[in-house]
Amino acid sequence: MEFALTFLGFVAALLGILLTYIWRANGKIQKSIMDSVREIMGAVKEVANMQKISTEMHKTSIEMHKQSIEMHKTSIEMQKAAMEILERIERGQERIAEMLLNQTKILERIEGKIK
């Protein structure tokens, strides 16, 4: 009986040592897991910040594209206005050329009558 109690005490001591070792190892594993989770959360925050910056850059790019389109439309309108002015100048030059031609014909007739 004494032997049985001694054996039970010995087994209980071994079991206590074993459970303490497991408990400590589990604590180290949990600490390691928590450290890893913190690192992952930090990386997730960095990715979220980079995504936010990327989104802002995309919005800026879209805004610049819209402005570019507006500038292009304005440029086209200015070109059309310039073409209209050039066409008016051309018509004016044609009228002046006709007037000069008529004047030349009149002068030739007068000259022919004078001779």
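Presented here is an overview of the structure given in this document. Note that the coordinates shown come from a computational prediction; the quantities given were computed from them, not determined experimentally. Note that residues are indexed from 1 along each chain, following the sequence as it is written. Whole-chain, interface and lining totals are the exception, using all residues; otherwise, since this is a predicted model, local features are given only for residues with pLDDT of at least 70 and side-chain atom pairs are given and counted only at 80 or more. Based on all heavy atoms of the structure, the side-chain values leave hydrogens and waters out of the count.

## Things to note about the overall build of the protein
So, point 1. Per the convention used, a helix needs a DSSP run of H or I reaching at least four residues, while a strand needs a run of E reaching at least two, with both numbered from the N terminus. Looking only at helices and strands, the protein features 1 helix and 0 strands.
So, point 2. A principal-axis box enclosing the C-alpha atoms of the protein has dimensions of 165 × 15 × 15 Å.
So, point 3. Taken across its 115 residues, the protein has 0% of its residues classed as buried.
So, point 4. Entry remark: accessible area of the protein is about 11200 Å², with carbon and sulfur atoms responsible for 66%. A simple rule labels every residue: compare its accessible area, found with a 1.4 Å probe on the protein chains alone, to the largest value its type can have, and call it buried under 20%, exposed over 50%, or partly exposed in between. Values of accessible area rely on a 1.4 Å probe in the Shrake-Rupley scheme; residue burial ignores everything except the protein chains shown.

## Some thoughts on a nonpolar patch on the surface
So, point 1. Taken together, the side chains of Phe-3, Phe-7, Phe-10, Val-11, Leu-14 and Ile-17 define a hydrophobic patch exposed on the protein surface, amounting to about 660 Å² of accessible area.
So, point 2. Along the chain, Ile-17 turns up in helix H1 (residues 2-114). Surface patches are drawn from residues lacking salt bridges whose relative accessible area is over 30%; two like charges belong together within 9 Å, two nonpolar side chains (Val, Leu, Ile, Met, Phe, Trp, Tyr) within 5 Å. Salt bridge, as applied in this entry: a Lys or Arg side-chain nitrogen positioned within 4 Å of an Asp or Glu carboxyl oxygen.

## With respect to the pattern of salt bridges
So, point 1. According to the stated counting rule, one finds 4 salt bridges in the structure shown.
So, point 2. Among the salt bridges present, the one from Asp-35 reaches Arg-38, with a minimum N-O distance of 2.9 Å. Taken together, the positions of Asp-35 and Arg-38, both in helix H1 and 3 residues apart, correspond to about one turn of that helix.
So, point 3. Within this structure, Lys-31, Asp-35 and Arg-38 form a network of salt bridges that share partners.

## Points about a negative patch on the surface
So, point 1. Taken together, the side chains of Glu-84, Glu-87, Glu-90, Glu-94 and Glu-98 present a region of like negative charge at the surface.
So, point 2. Relative to the elements of secondary structure, Glu-87 occurs in helix H1. In this tally Asp and Glu are treated as negative and Lys and Arg as positive; neither His nor the chain ends contributes. To locate a charge, take atom NZ for lysine, CZ for arginine, CG for aspartate or CD for glutamate.

## A closer look at the environment of Glu-77
So, point 1. Within the secondary structure layout, Glu-77 lies in helix H1.
So, point 2. Residue Glu-77 is classed as exposed on the basis of its relative accessible area, which comes to 55%.
So, point 3. Through-space distance from the C-alpha of Glu-77 to that of Ile-22 is 81 Å; in sequence the pair is 55 residues apart.

## A word on the environment of Leu-19
So, point 1. Tracing the backbone shows Leu-19 in helix H1.
So, point 2. As a C-alpha pair, Leu-19 and Asp-35 span 16 residues in sequence and 24 Å in three-dimensional space.

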